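For reference, the chains in residue letters:
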Amino acid sequence: VGTNMAINGSGMFIVKERTDTSGAKAVFGGPDLYTRRGDFQLDKDGHLVNGAGYYLMGVAVDPLTGAATGSKPDLITISGDNLPAKQTTSVDYRANLPGYPNTNSANAAVANSELLAAAGYSVDPRTTGAGYVAGADVTRFLNESIAGGAVTVYNSDGAPINLQLRWAKTQNAAGGGDTWNLFYQENSSATGATPAWRNVGAAFTFDASGKMTSAASVTVPSFTVGGASVGPVALNFGTGLSQFADANGQVQVNTVQQDGYASGVLDGVKLGDNGRLVGSYSNGQVLALAQVLVADFNGTNWLKRRDGGAFEQTVGSGAPVINQGGNQLVGAALEESNSDISEEFSKMIVTQQAYSANTRVISTAQQMLQDALNIIR
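Here is what the cut-offs are and how they apply
Residues numbered from 1 in each chain as written. Predicted model: local features only at pLDDT ≥ 70, side-chain atom pairs only at ≥ 80, totals over all residues. Heavy atoms only, no water. Helix = DSSP H or I, 4+ residues; strand = E, 2+ residues; numbered from the N terminus. Buried < 20%, exposed > 50% of the residue type's maximum accessible area, 1.4 Å probe, protein only. Contact = heavy atoms within 4.5 Å. Lys, Arg positive; Asp, Glu negative; His and termini not counted. Charge placed at Lys NZ, Arg CZ, Asp CG, Glu CD. Patch = residues over 30% accessible without salt bridge, like charges linked within 9 Å, V, L, I, M, F, W, Y side chains within 5 Å. Areas by Shrake-Rupley, 256 points an atom, 1.4 Å probe, with all protein chains shown as cover. Salt bridge = Lys/Arg side-chain N within 4 Å of Asp/Glu carboxyl O. Pairing = 2+ DSSP bridges. Phe/Tyr/Trp six-rings, centres within 6.5 Å; stacked < 30°, edge-to-face > 60°. Polar contact = N/O pair within 3.5 Å; in protein donor to acceptor, adjacent residues only side chain to side chain.

### Focus on the overall build of the protein chain
No. 1: Helices and strands together make up the secondary structure of the protein chain, namely two helices and 26 strands.
No. 2: Looking at the protein chain as a whole, 38% of its 377 residues are labelled buried.
No. 3: Residue pairs at least 24 apart in sequence account for 59% of intrachain contacts in the protein chain once pairs closer than 6 positions are excluded.
No. 4: Across the protein chain, the centroid of the 23 positively charged side chains sits 3 Å from that of the 31 negatively charged ones.

Pasting the structure below:
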């Protein structure tokens, strides 16, 4: 996996040199070194090494919190382990509920026919304690409610749970104060007295202008769907839940998103914003993994040159001034030249001499063969 980067302006990457090998692991030693060469590649141990064999240093970042876990430059190591699953703890929901829900039972000529009424249900499904809809009452419930969208949430081991939502209006109030209940599907194959749809346990009220007057957040102790549970989960509505007239009489869902995810494997690493290395995972997550640091010197011209375009601190250069790369770093880019001219010139001379030597060997062999043929004659 390649992670090319360049520095826009002064400064250098902080790198380390491999000095030995212990088993299959590299051993690093010697002083910190500095380079402008940013053609880094991810090796088998999760280190980023450039074409000259120098390993990138920085500060590790906790992928879950985004907080730096160190203050001094250290070897960057990108873990290839699975990203742990994260349980859903909150769902952000924004929608408009129609003033008059166009349910299958709604009849404009019959007052309150659009409402969900307790009469006729095995158990009162409204918010009187643990309200729910029994399997035997599902058909009636579907006729007296409207779809409210769906979202996939995740439990502690990353198993997905499909959360189907429905809204039912339960009260019309003169001059405002209309009331709604929100339900989720607990068991799609429920029959008889078995709960099929469960009330989230809160009444949602709106004034005459369509503004919600109930709590902006409701915590559900547990969602149980098909035997799998997740919770507690906070349903956050903010100011994004309203009751305005809608020509279709249906719920207009604007946002429904949650904060959980399944486990994932690392697909790639690239330089993101503010000089942070971010990992892309198979579960769609993009998380910060490390902060790339940039070092600058007051006496840059006094740095000691090393092979491969690296430099070492000296008394004349002074100590490095280290800061986070931030906007100085440019991803998917390299400087026009990171070559050590003297080193490349030396390689060219060695190659040329080797070519000349091989040419002489071929010429000598050809002459010996010709002499052998002349003896036979």
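### Considering a nonpolar patch on the surface
No. 1: Side chains of Phe345, Met348 and Ile349 sit close together on the surface and give an oily, nonpolar patch of about 300 Å² of accessible area.
No. 2: Within the fold, Ile349 resides in helix H2 (residues 341-376).
No. 3: Residue classification places Ile349 among the partly exposed positions, given a relative accessible area of 39%.

### Regarding the pairing of strand E22 (residues 286-296)
Consecutive side chains of a regular strand alternate in pointing toward one face of the sheet and then the other.
No. 1: Here E22 lies mainly inside the structure; nine of its 11 residues are buried.
No. 2: Of the pairings in the sheet, the one linking strand E2 (residues 12-22) to E22 comprises two bridges and is antiparallel in character. Bridging from a neighbouring strand, Met12 pairs with Ala295 of E22.
No. 3: Sheet topology places strand E6 (residues 54-60) next to E22; three bridges connect them, and they run antiparallel.

### What to know about the packing of aromatic side chains
No. 1: Per the counting criterion, the structure on display carries 11 aromatic pairs.
No. 2: When the ring of Tyr34 is compared with that of Phe297, the centres are 4.9 Å apart and the planes differ by 85°; the resulting orientation is edge-to-face. Taken together, the residues Tyr34 in strand E3 (residues 25-35) and Phe297 in the loop between E22 and strand E23 (304-306) connect sequence positions 263 residues apart.
No. 3: Using a relative accessible area of 3% as the deciding quantity, one classes Tyr34 as buried.
No. 4: When the ring of Trp167 is compared with that of Trp180, the centres are 6.5 Å apart and the planes differ by 80°; the resulting orientation is edge-to-face.

### Section: the side chain of Ser145
No. 1: Within the secondary structure, Ser145 is located in the loop between helix H1 (138-143) and strand E10 (146-154).
No. 2: Ser145 sits in the buried class, given a relative accessible area of 3%.
No. 3: Engagement of the side chain of Ser145 in a polar contact is seen with the backbone oxygen of Phe141, the distance being 2.8 Å.
No. 4: Within the structure, Ser145 has its side chain in polar contact with the side chain of Arg166 (distance 2.8 Å).
No. 5: Residues within four places of Ser145 in sequence aside, it is in contact with Thr103, Arg166, Trp167 and Ala168.

### Details of the pattern of salt bridges
No. 1: If you walk through the whole model with that rule in mind, you get 11 salt bridges.
No. 2: Salt-bridge contacts for Arg36 lead to Glu335; the nearest nitrogen and oxygen are separated by 2.6 Å. Here Glu335 lies in the loop between strand E26 (329-331) and H2 and Arg36 lies in the loop between E3 and strand E4 (39-42), a separation of 299 residues in the sequence.
No. 3: Residues Glu186 and Arg198 are paired through a salt bridge, measuring 2.9 Å at the closest nitrogen-oxygen approach. Residue Glu186 is located in the loop between strand E12 (176-185) and strand E13 (195-207), and its partner Arg198 is located in strand E13; the two are separated by 12 residues in the primary sequence.
No. 4: For Glu186, a relative accessible area of 16% gives the class buried.
No. 5: Through salt bridges with shared partners, a single ionic network connects Glu17, Arg306 and Glu312.

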